[in-house]
Each structure stands twice: as C-alpha cells, then as structure tokens.
Amino acid sequence: MIVPALVLITILLQAVTCSSIKINFREKEKEVLDQILGPGRYDARIRPSGVNGTDGPAIVNVNIFVRSISKIDDVTMEYSVQLTFREQWLDERLKFNDFGGKLKYLTLTESNRVWMPDLFFANEKEGHTHNIIMPNVYIRIFPYGSVLYSIRISLTLSCPMNLKLYPLDRQTCSLRMASYGWTTNDLVFLWKEGDPVQVVKNLHLPRFTLEKFLTDYCNSKTNTGEYSCLKVDLLFKREFSYYLIQIYIPCCMLVIVSWVSFWLDQGAVPARVSLGVTTLLTMATQTSGINASLPPVSYTKAIDVWTGVCLTFVFGALLEFALVNYASRSDMHRENMKKQRRQCELEHAASMDATSDLIDTDSNAAFAMVRLFSLCTGSDRRITHCVSFQKPLVRHPGDPMSLEKVRQCEIHMQQARPNCCKSWLSKFPTRSKRIDVISRITFPLVFAVFNVIYWSTYLFREDSEES
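A brief structural summary. As the structure is a computational prediction, the values presented were derived from the model and not from experiment.

### Describing the state of the cysteines
- Summed over the entire model, instances satisfying the criterion amount to two disulfides.
- Cys218 shares a disulfide with Cys229; S-S distance 2.0 Å. Residues Cys218 and Cys229 are joined by a disulfide whose S-S torsion is about -55 degrees; by sign, that bridge is left-handed. Here Cys218, found in the loop between strand E11 (208-217) and strand E12 (220-222), pairs with Cys229, found in strand E14 (residues 229-238); they are 11 residues apart in sequence, far enough to count as distant.
- Left without a disulfide partner, Cys251 is nearest to the cysteine sulfur of Cys310, which lies 5.0 Å away.
- On the basis of relative accessibility, which here comes to 0%, the residue Cys251 falls in the buried class.

In structure tokens form, the structure reads like this:
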C-alpha cells in the first residue's frame, strides 16, 4: 500500500509542476517561422496560387493612407505626397497553428523572406522609404495564410495640369499603381473593400484644398500582355483668396491710379508723364512676376487676360495724355488764329464806320444788317445757312428779299435748341479739356464692363467644368 501511495503523490507533484510552467509563445513564433519558411519548404520566387488553391491569378488587395501632401508645383507640374502603402494577399503555403488563438500573427521585417507583388508607381518622379529609427516596414503573416505588407514612403509624382482657368481652376492629380512584370493572368490588383483610401484629417495645403478623391482601375495593354493597374484621383481646388490679395486687387489699384492723370492739369506735363510711366512699368513688372511662377504654356490663361487688359488700360491712360498734349497745342494755335481774326474784324469795322458817314439817313438799316450778319456768322456753328451772307445786307428800295432773309435768320436763331451733351461739353471750351473729361467717364465705365464680363465668363466656366 505504501508504494502505490508514493507513486500517486509523485504523479500529482509532476502535474502541479507542469501546470505552473508558462509557455513562451515568442519562442513558438521562432519555431513556427522556421517551420513554414525553412529551407526546402517555402520558395519566395513562386507566386501564390489563385482563389481556393486554383491556378488562377493571385489577388492582391491594396489600400493607402495619405499622411501629408507637402506641395503642388505649377511650374514642374508635380506634387509630393507621403503615404502608408498596404498590400494584402493570401498565400496558403504560410498557414500555421495558432495554438488556440495565442498566436494572432507573425511579424517579419525582411520582405525578401516571402513572395512580394511587383507593384510600382507609374507616374513617380522620385521616391524613397523611411529608415529612421528603424525601417518603416513590416510584414504580418496570419494563421490562415493571409499576408499583410505595410510601408511608409514619400513620393514626388507627375501631375499634368490644365491652366486655362488659372487661378480659378481645379486640378486632378493621380496616383497610379501597376504590376511591372506579372500580367493579369498571374496577378490582379484590387482596391480593398470598404475604405480603400484614407486621408489624414488635419491635412493643410498652402494654396489648395483637397475637395475629394476617387478610386478607379487603369489596366493597360501592351504587346507583352495586359497588366493590372489601380489609380486614385485627388481633386484639388485652388485657393483664390491668395491671388485676390496678391494679384487682382493690386492690378485694380494700378489701373485706378493711372486714371489720376485725367484730373491733373493739362499743363502739369512732368507729373502726368511720371504717373503714367510709373504705373506702366509697375504693371509690366507685376505681369512678368506672375508669368515667372507659371510654366510657359501655349494657351491663354485667365490671369493672362486680366493682366493684359489691365496693362492695356494703363497704357491707354498714357496715350490719352499724349492726345491731350497734342490737342492743347492745337487749341493754342486756334486761339492765336482767332485773335488775329478778331483784330482783322475790328480793323474792318473801323473802316466801315468811316465810310458810314458818307451814307444818307436810310443807311441806318444797312448797319443793322451788318450787325445781324456778324451775329449770324459768329461762334455759333449751328446757324449754317446764314453764312451765305458774304457782304453787309443793305436794304435797297428795289430789293424786297432783304427783309425776308433777315426774318428767316432771326427765326432760325430763335428755334435752335442746344443738345444736352453738347451743352455740357460747351462748358469746357478747349478740346484738350474735353478729352480729359470724357476719359474720366469712359475709362472707369469700360473697366467696369470688362470686370462684369470677365468674372461672369470664368466663374461660369469653372462651375460648368466642375459639374
């Protein structure tokens, strides 16, 4: 009886000792990795089988997380993005025992240990991975053979732009991912169901706003076969407030400043010339600065129309002063001619007064005719038919038509009614002054009409392209 009792006690002590020992599953991970990736058991050069172990193409599900977009360059037509790129596929050769759920997944940091899809970024210009502090990459192998590959990369991607509506434009920049060597018979890329593209919430861009993004497929056919391709389109809207403050408002101010010369005296030649030349040079410098920040495209942009018209208005204000200066010199010449004409008329009137003493008392009517003739041929150009009196109207007993002609001239003078515009312009006796006054009204009115047409046209085109 003693021996069986000792045997029972020994068995109980061994059971208690074994139950108190904890299994180290990290060591089990090593055993599992050696088991599934050991020599002669797994070949990373062979692609996985298709769905349900068939000979169909391997299916790779892709999703990305956009961490940041650093810049969108209009000159080089490219943009830089940092993202976390993930691929997931099923490789049944990597199945393992999870020990009742204790091993949720195995983690690798060496991508060459397992088969990897040969994905590349089709519109990439530059790119690099991140190795601080450790390489930002991992591979997770799940018990049922699913493989998850994740890596953080920074890319500079090509983004062809249409700048016809610049700076009222929207741009679509794409991110295209394709297989380099495996055709669709061997490898197919699919977007992960649910939420294939994620964007960080606090994404800030200096001159753009990310409106939305769209996922699509872009399979390409070549003479070597058809290759699977994925793409995501990022729709960016340009922030107009920056250009309103930096371009549009300064150009408007320069145009308005050029109109100040219309209110300066026509004799202030240095002031008007300096103002016109300064605004013209400033506007030209503004235009060249705008074009320096854009690529030399072959079509006309919206900003080119704006700066071109503003430059034309400033140049027109300078030409207006040249016309005013010419008209002023012409007015001075005409004024000198009028003074000479008045002097000749005074001399002629003095000679007529001398001869009037030799005429009888009936000649008083003749002097009245002469005065009326001078009124008819005065500065009022509207009385045209009175110019036909080339000589003083002297009433002769045998000339009954003289009084009739005088009566018609008086009736015409009474019936003449001044035009509204002409009467307003008559307040400014010289042509140079009239040109300045007309320019004060015409230039702002035409510029206002241009603004209405410009903004209605390009804003309507922007909305139509968006729809």
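Once the structure has been displayed, the description carries forward.
### Quick word on the sheet that holds E14
- In spatial order, the strands read E4-E8-E14-E11; together these four strands make up an open sheet with antiparallel pairing. The strands lining the two open edges of the sheet, one partner per strand, are strand E4 (119-121) and E11. Ignoring strand direction, the axes of neighbouring strands in this sheet form an average angle of 20 degrees.
- Two elements, E4 and strand E8 (residues 170-179), share three bridges in a ladder whose sense is antiparallel. In the sheet register, Leu119 faces E8, and the bridge partner there is Ser179.

### Looking at the environment of Ser288
- Along the chain, the position of Ser288 falls in helix H4 (residues 269-292).
- Classification of Ser288 by relative accessible area gives partly exposed; the value is 43%.
- When the C-alpha atoms of Ser288 and Thr307 are compared, they prove to be 9.8 Å apart, with 19 residues separating the residues in sequence.

### Overview of empty space enclosed by the protein
- Summed over all chains, the structure comprises one cavity of 30 Å³ or more.
- Forming the boundary of the largest cavity are Ile64, Val66, Tyr79, Val81, Leu83, Leu157, Leu175 and Leu234.
- Every element with two or more residues in the lining of the largest cavity is listed here: strand E1 (58-73) and strand E2 (78-90).
- At three residues, the largest contribution of residues to the lining of the largest cavity is made by E2.

### Looking at the pairing of E1
- Bridge analysis of E1 against strand E9 (residues 187-191) gives five bridges, and the strand direction is parallel. Directly across from Val62, in E9, lies its bridge partner Trp191.
- Bridge count between E1 and E2: 12 bridges; the pairing is antiparallel. Bridge pairing in E2 links Val62 to Glu87.
- Hairpin geometry of E1 and E2 is characterised by an intervening segment of four residues between the two adjacent antiparallel strands and by a positive phi of about 55 degrees at Met77.
- The pairing of E1 with strand E10 (residues 197-199) spans three bridges and is classified as parallel. Bridging from a neighbouring strand, Ile64 pairs with Val197 of E10.

### Considerations on helix H3 (residues 240-258)
- Across its 19 residues, H3 extends 26 Å between first and last C-alpha, which sits within 8% of the 27 Å expected from 1.5 Å per residue.
- The largest bend in H3 amounts to roughly 30 degrees and is located at Tyr248, with the proline Pro250 lying one to four residues further along.
- Within H3, burial applies to Tyr243, Ile247, Tyr248, Cys251, Leu254, Val255 and Ser258.

### A few points about H4
- Taking 1.5 Å per residue as the helical rise, H4 with its 24 residues ought to reach 34 Å, and the 34 Å between its terminal C-alpha atoms agrees with that figure.
- All of the buried residues along H4 are Arg272, Leu275, Gly276, Thr279, Met283, Thr287 and Ile290.

### Focus on a nonpolar patch on the surface
- Nonpolar side chains collect at one region of the surface, where Leu244, Ile245, Ile249 and Met253 lie side by side and expose about 370 Å² of accessible area between them.
- Note on placement: Leu244 falls in helix H3.
- When its relative accessible area of 33% is taken as the criterion, Leu244 is described as partly exposed.

### Concerning unusual backbone geometry
- For the bond from Ile132 to Ile133, the omega torsion is -5 degrees, close enough to zero to count as cis.
- Between Tyr166 and Pro167 the backbone carries a cis peptide bond, its omega angle lying at 5 degrees.
- The residue Pro167 is located in the loop between strand E7 (146-158) and E8 in this model.
- Even without being glycine, Met77 reaches a positive phi, approximately 55 degrees.

### A few points about the packing of H3 against H4
- Packing of H3 against H4 brings their axes to within 9 Å, and their N-to-C directions diverge by 165 degrees. As judged from the angle between their axes, H3 and H4 are roughly antiparallel. Taken as a pair, H3 and H4 cross one another with a handedness that is left-handed. On H4, the residues that touch Gln246, Ile247, Pro250, Cys251, Leu254, Val257 and Ser258 of H3 are Leu275, Thr279, Thr282, Met283, Gln286 and Ile290.
- Here the residues of the contact of H3 with H4 are counted per class, giving eight nonpolar, five polar and no charged.

### Remarks on the side chain of Gln171
- You can see Gln171 is positioned in strand E8.
- Classification of Gln171 as buried rests on a relative accessible area of 3%.
- One polar contact links the side chain of Gln171 to the main-chain carbonyl oxygen of Asn162, over a distance of 2.9 Å.
- A distance of 2.5 Å separates the side chain of Gln171 from the side chain of Asp169, its partner in a polar contact.
- Apart from residues lying up to four places away in sequence, Gln171 is in contact with Met161, Asn162, Leu163, Phe208, Leu234, Leu235, Phe236 and Arg238.

Calculation criteria
Throughout this document, residue positions are counted from 1 along each chain, in the order its sequence is written. Local features in a predicted model are, by the rule used here, given only for residues with pLDDT of at least 70; side-chain atom pairs are given and counted only at 80 or more, and totals for whole chains, interfaces and linings are based on all residues. Where side-chain values are given, they derive from all heavy atoms of the structure, hydrogens and water being excluded. Note on terminology: pairs of cysteine sulfur atoms within 2.5 Å are recorded as disulfides. Numbering of helices and strands runs from the N terminus; a helix is a DSSP stretch of H or I covering at least four residues, while a strand is a stretch of E covering at least two. Relative accessibility decides the category of a residue: with a 1.4 Å probe and only protein chains considered, values under 20% of the type maximum give buried, values over 50% give exposed, and everything between is partly exposed. The pairing criterion for strands is at least two bridges between them, as found by DSSP. Note on geometry: axes are C-alpha line fits, over the in-contact stretch for helices, and angles between N-to-C directions span 0 to 180 degrees. Buried and open spaces are told apart on a 1 Å grid over the protein atoms alone, a cavity being a set of points where a 1.4 Å probe fits but cannot get out and a pocket being an open set with protein on both sides within 12 Å along at least five of seven lines. Residues with an atom within 4 Å of a point are the lining residues. Grid points are joined across faces, edges and corners, and a volume is the space filled by probe spheres set on the points. Helices are assigned an expected span. That span is 1.5 Å times one less than the residue count. Two axes enter the definition of the bend at a residue: one is fitted to the seven residues ending there, the other to the seven starting there, and the bend is the angle between them. Each patch is built from residues that are more than 30% exposed by relative accessible area and take part in no salt bridge. Like charges join if they lie within 9 Å; nonpolar side chains (Val, Leu, Ile, Met, Phe, Trp, Tyr) join within 5 Å. Accessibility throughout is a Shrake-Rupley quantity obtained with a 1.4 Å probe, and a residue counts as covered only by protein chains that appear here. We define a salt bridge as a side-chain nitrogen of Lys or Arg found within 4 Å of a carboxyl oxygen belonging to Asp or Glu. Oblique is the label for every angle not falling under 35 degrees (roughly parallel), over 145 degrees (roughly antiparallel), or within 65 to 115 degrees (roughly perpendicular). With the far helix as reference, a near helix turned anticlockwise by less than a right angle produces a left-handed crossing, and one turned clockwise produces a right-handed crossing. Contacts were defined at the residue level, with two residues in contact if any of their heavy atoms lie within 4.5 Å. Polar here means any residue outside two lists: the nonpolar Ala, Val, Leu, Ile, Met, Phe, Trp, Tyr, Cys and Pro, and the charged Asp, Glu, Lys and Arg; Gly therefore counts as polar. In protein, a polar contact means a hydrogen-donor-capable atom and an acceptor-capable atom, both N or O and within 3.5 Å, with residues adjacent in sequence counting only if both atoms are side-chain atoms; elsewhere, any N or O pair within 3.5 Å suffices.

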